[in-house]
Amino acid sequence: MRRSTAAAIGTLTGAALIVGVRLSVSAPVVPSAAPPAVDLANSGQDADPSATPSKKASKKPAAPEGSSDEASGEAGGGGLTNGVFKGSAAKNPYGTIQVSIKVTGGKITAADATYPVTGDSATINPPAIASLKQATVKAQSAEVDAVSGATFTSESYVKSLQAAIDAATA
């Protein structure tokens, strides 16, 4: 009888300690994976001094949200105004994504995006956005394939990208 009582008390004490430790331990701190800075405005040392964005183009407002879901990717690489253009912010359940593009010689030469970097987004968004940025420059339009495992990120990126392309076309 004493052994069973001692075993029960030991088991309950051990379980209480484990639960107490689990409750007192905070989640590991995930380093904030800040998006790499792309010098879209040619203000850094690596900038090409001959390519200067148009002052008129850089002051244009971004297209309103949801204005061009049907026209996805129609702007292509031709007919774009030189400069840096920011698309409207596109929300998804995990945060907001906003794309900026740099147009030189009528073609998209760089793309950058702001995106959430907390929780699961810290591991999903950085590689997905990097892939989407490369696809944007290659496709010269908003017709880029979604990244597997980052559906919401991909949809928000394309929506904001199309708004930036629309602003560069206007």
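In short, a report on the structure. As the structure is a prediction and not an experimental result, all values here were calculated from the model. (Residues numbered from 1 in each chain as written. Predicted model: local features only at pLDDT ≥ 70, side-chain atom pairs only at ≥ 80, totals over all residues. Heavy atoms only, no water.)

Moving on to unusual backbone geometry. In this model, Q140 sits at a positive phi of 60°, which is unusual for a non-glycine residue. As for its placement among the helices and strands, Q140 is situated in the loop between helix 3 (121-139) and helix 4 (151-169). Among the residues examined, Q140 registers a relative accessible area of 13% and is labelled buried. (Helix = DSSP H or I, 4+ residues; strand = E, 2+ residues; numbered from the N terminus. Buried < 20%, exposed > 50% of the residue type's maximum accessible area, 1.4 Å probe, protein only.)

Approximately 170 Å³ is the volume found for the largest pocket. Of all the secondary-structure elements, those providing two or more residues to the lining of the largest pocket are helix 3 and helix 4. Partitioned by chemical class, the residues of the lining of the largest pocket number 6 nonpolar, 6 polar and 1 charged. (1 Å grid on protein atoms, 1.4 Å probe; cavity = no way out; pocket = protein on both sides within 12 Å on 5 of 7 lines; lining within 4 Å. Points joined across faces, edges and corners; volume = space filled by probe spheres on them. Nonpolar A, V, L, I, M, F, W, Y, C, P; charged D, E, K, R; others polar.)

Scanning the entire structure with this criterion turns up 1 aromatic pair. Consider the rings of Y94 and F152, whose centres lie 5.8 Å apart with planes at 55°: the pair is tilted. Here Y94 is found in the loop between strand 2 (90-92) and strand 3 (95-104), whereas its partner F152 is found in helix 4, with 58 residues between them in sequence. Residue classification places F152 among the partly exposed residues on the basis of a relative accessible area of 39%. (Phe/Tyr/Trp six-rings, centres within 6.5 Å; stacked < 30°, edge-to-face > 60°.)

This part covers the nonpolar core. Core analysis: the largest hydrophobic core is formed by 24 residues, its most contacted members being V99, I101, A113, I129, Y157, L161 and I165. Taken together, the elements giving at least two residues each to this core come down to strand 3, strand 4 (107-114), helix 3 and helix 4. The biggest single contributor to this core is helix 4, with 6 residues. With near-sequence residues (within four places) excluded, L161 lies in contact with V99, I101, T136, S141 and A142. (Core = buried A, V, L, I, M, F, W, Y, C linked by side-chain atoms within 4.5 Å. Contact = heavy atoms within 4.5 Å.)

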